[in-house]
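Working through the structure, step by step
Listed here are the chains, written in short residue letters.
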Amino acid sequence: MAGASGPLTRTMPMPPSPGGVPMAAMVSSRLQPMSLLPRAMVPQAARQRQVTIRLSSWHRSCFFLPCCDQSPVAPRIIFPSIPRGGVMLDGYPIRSFLWRTVGRRGGRALLPHYQNLLLRHTLRHAQLHSPFYRRLFAERSIDPAQVRHTGDLHKLGFFTTASDLRHDPWAFLAVPRERIVYVMTSAGTTGKPKMIFLTRHDWNVVAADAAVGMRAFGITQSDVAQILYCYGEPGWMVGPLLQATFEHLGLLIVPAGNAAPIEQQIDMMRTYGTTVLAGTPSYLHRLTEEAQKLVDLHSLHVRMMFLGAEAWSEAFRAYLQKAWGARVFDSYGMTEIGLAGAGECGLQAGLHVMPNLIFEVIDPETGDSLPPGKEGELVVTTLGRQAMPLLRYRTGDIAALVPEERCPCGIPTPRITRIKGRSDDMVCLGTGENLYPEDLDRTLMGIPSISGYQLIIGKQGYKDTLSLQVETGSPSQELAQTILDRLYRSLGFLRHDVQQSQTIVAPTVEFVAPGGLRARSPIKVRKVVDRRPHAVHVEPEAGGAG
Ligand SMILES: [Zn+2]
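The structure contained in this document is the topic of the report that follows. Within any chain, residue numbers begin from 1 and follow the written order of that chain's sequence. Restriction of local features to residues with pLDDT of at least 70 applies here, the model being predicted, together with a cutoff of 80 or more for giving and counting side-chain atom pairs; totals for whole chains, interfaces and linings are based on all residues. Excluded from the side-chain calculations are hydrogens and water; all other atoms, namely the structure's heavy atoms, are used.

Right, let's talk about the pairing of strand β10 (residues 327-332) for a bit. Summarising burial for β10: five of the six residues are buried, a large majority. In this structure, strand β9 (residues 304-307) lies alongside β10, joined through four bridges in parallel fashion. Each residue of the ladder has a partner; that of Met-305, found in β10, is Val-328. Crossover handedness for the path β9 to helix α11 (residues 314-324) to β10: right-handed. Here a strand pair is declared whenever DSSP counts at least two bridges between the two strands. The helix count covers DSSP runs of H or I at least four residues long, the strand count covers runs of E at least two residues long, and both are numbered beginning at the N terminus. Across two bridges, β10 lies against strand β11 (residues 342-344) in antiparallel orientation. Pairing of Ser-331 across the sheet is with Gly-343, part of β11. Relative accessible area decides the class of each residue, using a 1.4 Å probe on protein chains only: under 20% of the type maximum gives buried, over 50% gives exposed, and in between gives partly exposed. Handedness of a crossover is defined as follows: with both strands directed away from the viewer, a clockwise route from the first strand across the helix to the second makes it right-handed.

Below is the structure:
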């Protein structure tokens, strides 16, 4: 705003028309014309004088335009006023604006323009600075300028895959190395780990977006958040990211991790008055089973639980809600996108996507785009990422875009359905039956004393073998029989494939002491581990978000 004075400069309140943008814009004719906002959003007088809507450096750093540092004519937009009632977070008014204002007035209209603008800059940034994309664009004669809108992304005609990232992560780096502050990695027992680079700005943006989302979902400054994700694993950043997120919200943070004894976790909940728990489903399962032997969970003050990083079912949600008397929220993310991807609002009718991500859904076999409502593989494009822009990255996760555009909660971003599973979590058994981890949740949830499980699939000749590893403090023959009975009941194909087609060996149950599965893989427990020779996935896979 500084310097924007004189007769050719004025503050022009925008009319709060339906679909319009409720903001005032500072315009100056001394700047070069830029077509950053659609003409309809630029005041008529401004258009006539060919002026630019300006963005102060402070706002610009919030907005993040990758190339504007070098550009002789910085793209500028000014948001001097945020509509009354909008959620404000210090330093991040624009994101708050985008997330929250919208049900009432024009934020919904602004979102696509914001995303299209960022997309064009992201493509340009990738072409100029990312060796991988520069080569790809050149080899395929792709002109990224052809992609003007998020709906045009398919015109790029390629996908980025996990193997691209594993093969040479440095080829994706689009800033000098000294600007990296964090490297997130996904560990694997086979192949090279993926490495995801973030600048300080990238980290701040992810945490700020997650914070705005959390606030919109109902967390307030008076909450106390106990973080139950693994700390101390290099490259696994969910705990630190959640911490940064909660710092933005200014609430009391208890970085408890998942290594402390259950008694100590309960003690911390009591001491600090924890109201929010964030952790992996497998850890919360164990915590719930063991803690309820020590204390009436309803007597604690936990009112919200945020789960991420592993697939889980509605049956598990019901189990936790009943046990704790708290509302349980799903979140979605993965290391590749900086962990935070989407989260449920209070209505729990799908997960709102972060404003700096574009999700597409494709047919995993053909790569064709699928319309909202159709389930397929999620493909994600990161907007405005400095260190490592990713274009059309195949996540391997199965979900759909929610067809109804408007969520009554007012958050403007699109929604995805809950993740059905990773495409590599789904396994084919016996005569070609599909098994998802949540099928097992349905089977085992509600059996007292079970605090975790893992299905290990192997091969014996041509037959598949199923070994169910079950965590319990009270193993018995009766318990094993109950589990097997339930397994046969809930997997309709199992009896047929064991007895008639004889493609599966009769499943077995093995008991493990509480905490035993986590000891094998401290970050998170994969519910289905496929050890057959053709199995392709690696384990454990880091990913998920808080
Ligand atoms: Zn909503």
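Right, let's talk about the pairing of strand β21 (residues 463-472) for a bit. A large share of β21 lies buried, amounting to nine of its 10 residues. Where strand β20 (residues 450-460) meets β21, 10 bridges bridge the pair, whose relative direction is antiparallel. Looking across to β21, one finds that Ile-457 is bridged to Leu-466.

To continue, consider the sheet that holds β21. As summarised here, the arrangement of the four strands in space is β22-β21-β20-β23, forming an open sheet in which the pairing is mixed. The open sheet terminates on both sides in strands that have one partner only, identified here as β22 (508-512) and β23 (528-530). Ignoring which end each strand starts from, the neighbouring axes of this sheet average 20° apart. Pairing between β20 and β23: three bridges, direction parallel. In the strand pairing of β23, Ile-457 is matched with Asp-530. We call two residues contacting when some pair of their heavy atoms lies within 4.5 Å. Axis definition: a line fit to C-alpha positions, over the contact stretch in the case of helices; interaxial angles, taken between N-to-C directions, run 0 to 180 degrees. Its contacts with the sheet put helix α10 (residues 281-294) on β20 and β21, and the angle it makes with β20 is roughly 135°. The strands that helix α12 (residues 437-444) touches are β20, β21 and β23; relative to β20, the one it contacts most, it runs at about 130°.

Aromatic ring pairs are defined here through the distance separating the ring centres and the angle between the ring planes. Think of it this way: a Phe, Tyr or Trp ring, Trp meaning its six-membered ring, pairs with another when their centres are within 6.5 Å, and the plane angle makes it stacked under 30 degrees, edge-to-face over 60, tilted otherwise. Summed over the entire model, instances satisfying the criterion amount to 11 aromatic pairs. Ring geometry for Tyr-332 versus Phe-359: centroids 6.0 Å apart, planes at 55°, classification tilted. Linking Tyr-332 in strand β10 with Phe-359 in strand β13 (residues 357-362), this pair joins segments that are 27 residues apart in sequence. Comparing Tyr-332 with Phe-359, the two get one shared label, buried. An aromatic cluster is built from Phe-132, Tyr-133, Phe-137, Phe-158 and Phe-172, whose rings are joined through pairwise contacts. One Lys or Arg, Lys-527, reaches over the ring of Phe-316 and ends 5.7 Å from the middle of that ring. Two thresholds decide whether a charge sits over a ring: the Lys NZ or Arg CZ must be within 6 Å of the ring centre and within 35 degrees of the ring normal.

Everything listed here is a matter of geometry and, on its own, says nothing about what the molecule does.
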